[in-house]
Amino acid sequence: GAGVSQTPSNKVTEKGKYVELRCDPISGHTALYWYRQSLGQGPEFLIYFQGTGAADDSGLPNDRFFAVRPEGSVSTLKIQRTERGDSAMYLCASSLKKLGPSVFTGELFFGEGSRLTVL
Amino acid sequence: GENVEQHPSTLSVQEGDSAVIKCTYSDSASNYFPWYKQELGKRPQLIIDIRSNVGEKKDQRIAVTLNKTAKHFSLHITETQPEDSAVYFCAASIWNTDKLIFGTGTRLQVFP
């Protein structure tokens, strides 16, 4: 597609439920990121994929959060036993990353986000 | 890990004036410093970035300066316009880690 696509755009759930948030990156972008943004705050790093593997998952707050990217394109962020504190905008971004100094670009292209509200 | 602090949290200027937003970072290994603009209800978008091998970069009315010794970098917007009103985020990362750490943001309001 033309840009990073995230679904759903809005998700309201009850405390304790399971949710999945989907991200479809820009075609050809090898790197995919998940960030969480609370109101009035900057994006908080959660996890980064290079291809199919999670290159850095140090930002995941606890083991209720998990993300996959099985075919190196679409990614799903999974949250188990949701808590009210999980309420936030979840942003996905992708970037074109190739090995070699001459073909790297650091620009992250963000999706519109998935707003999660846990009641 | 890296920590990025950003000041001020809000900034109001008159149209045509300059605006400066400052950030500091903690990890001396960081070598990539982008700035993102986020309009209300929109996604963050890159407006300018700088790498540690240069001290300044300009793009029309915006410029970024980097002081590696002091571990701080700044965004300068000249001749501000109402459409510059948005939240601006600085960020820092170590190049090959790809983990971009964002500041807390500056809400810029430009009054006509």
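Use the structure listed above.
Report on the accompanying structure. Being a predicted model, the structure only gives us computed values, none of them experimental.

### What about the environment of A:Ser9?
Residue and element names in this part refer to chain A.
Turning to step 1, where the next piece is worked out: Relative to the elements of secondary structure, Ser9 occurs in the loop between strand S1 (5-7) and strand S2 (10-13).
Turning to step 2, where the next piece is worked out: In this structure Ser9 comes out as exposed when scored by relative accessible area, which is 51%.
Turning to step 3, where the next piece is worked out: For the pair Ser9 and Arg115, spaced 106 residues apart in sequence, the C-alpha to C-alpha distance is 6.0 Å.
Turning to step 4, where the next piece is worked out: Discounting residues that sit within four places of it in the chain, Ser9 has contacts with Gly113, Ser114 and Arg115.

### Focus: the sheet that holds strand S7 (residues 62-67) of chain B
All names here are of chain B.
Turning to step 1, where the next piece is worked out: Spatial strand order, S1-S3-S8-S7-S6: five strands in an open sheet with antiparallel pairing. Of all the strands in the sheet, the pair left with one neighbour each is strand S1 (4-7) and strand S6 (56-59). On average, each strand axis in the sheet is inclined to that of its neighbour by 15 degrees, with strand direction left out of account.
Turning to step 2, where the next piece is worked out: Note that S7 and strand S8 (residues 72-77) share six bridges and pair antiparallel. Following the sheet pairing, Leu66 is matched in S8 by Phe73.

### Structural notes on the interface of chain A and chain B
Turning to step 1, where the next piece is worked out: With 21 residues of chain A in contact, the opposing surface of chain B contributes 19 residues.
Turning to step 2, where the next piece is worked out: Summed over both sides, the interface of chain A with chain B buries roughly 1,700 Å², with 51% coming from carbon and sulfur.
Turning to step 3, where the next piece is worked out: Counting every contact that joins chain A to chain B gives one salt bridge.
Turning to step 4, where the next piece is worked out: As a salt-bridge pair, B:Arg43 and A:Glu112 come within 2.7 Å of each other at their nearest N and O atoms.
Turning to step 5, where the next piece is worked out: Applying the counting rule to chain A against chain B returns six residue pairs in polar contact (both at pLDDT 80 or more).
Turning to step 6, where the next piece is worked out: Among the elements of the structure, strand S4 (31-37) and strand S5 (44-50) of chain A are those that each provide at least two residues to the side of chain A that touches chain B.
Turning to step 7, where the next piece is worked out: Of all the elements, S4(A) adds the most residues to the side of chain A that touches chain B, at three residues.

### Quick notes on the state of the cysteines
Residue and element names in this part refer to chain B.
Turning to step 1, where the next piece is worked out: As enumerated under the stated definition, the model contains two disulfides over all chains in all.
Turning to step 2, where the next piece is worked out: Disulfide pairing is shown between Cys23 and Cys90; the S-S distance is 1.9 Å. For the disulfide bridge between Cys23 and Cys90, the dihedral angle about the S-S bond is near -100 degrees, and by the sign convention the bridge is left-handed. Of this pair, Cys23 sits in strand S3 (residues 19-25) while Cys90 sits in strand S9 (residues 86-92), and the two are 67 residues apart along the sequence.

Procedures and definitions
- Residues numbered from 1 in each chain as written.
- Chains lettered and ligands numbered in written order.
- Predicted model: local features only at pLDDT ≥ 70, side-chain atom pairs only at ≥ 80, totals over all residues.
- Heavy atoms only, no water.
- Helix = DSSP H or I, 4+ residues; strand = E, 2+ residues; numbered from the N terminus.
- Buried < 20%, exposed > 50% of the residue type's maximum accessible area, 1.4 Å probe, protein only.
- Contact = heavy atoms within 4.5 Å.
- Pairing = 2+ DSSP bridges.
- Axes fitted to C-alpha atoms, helices over the stretch in contact; angles between N-to-C directions.
- Buried area = accessible area lost by both parts, 1.4 Å probe.
- Salt bridge = Lys/Arg side-chain N within 4 Å of Asp/Glu carboxyl O.
- Polar contact = N/O pair within 3.5 Å; in protein donor to acceptor, adjacent residues only side chain to side chain.
- Disulfide = S-S within 2.5 Å.

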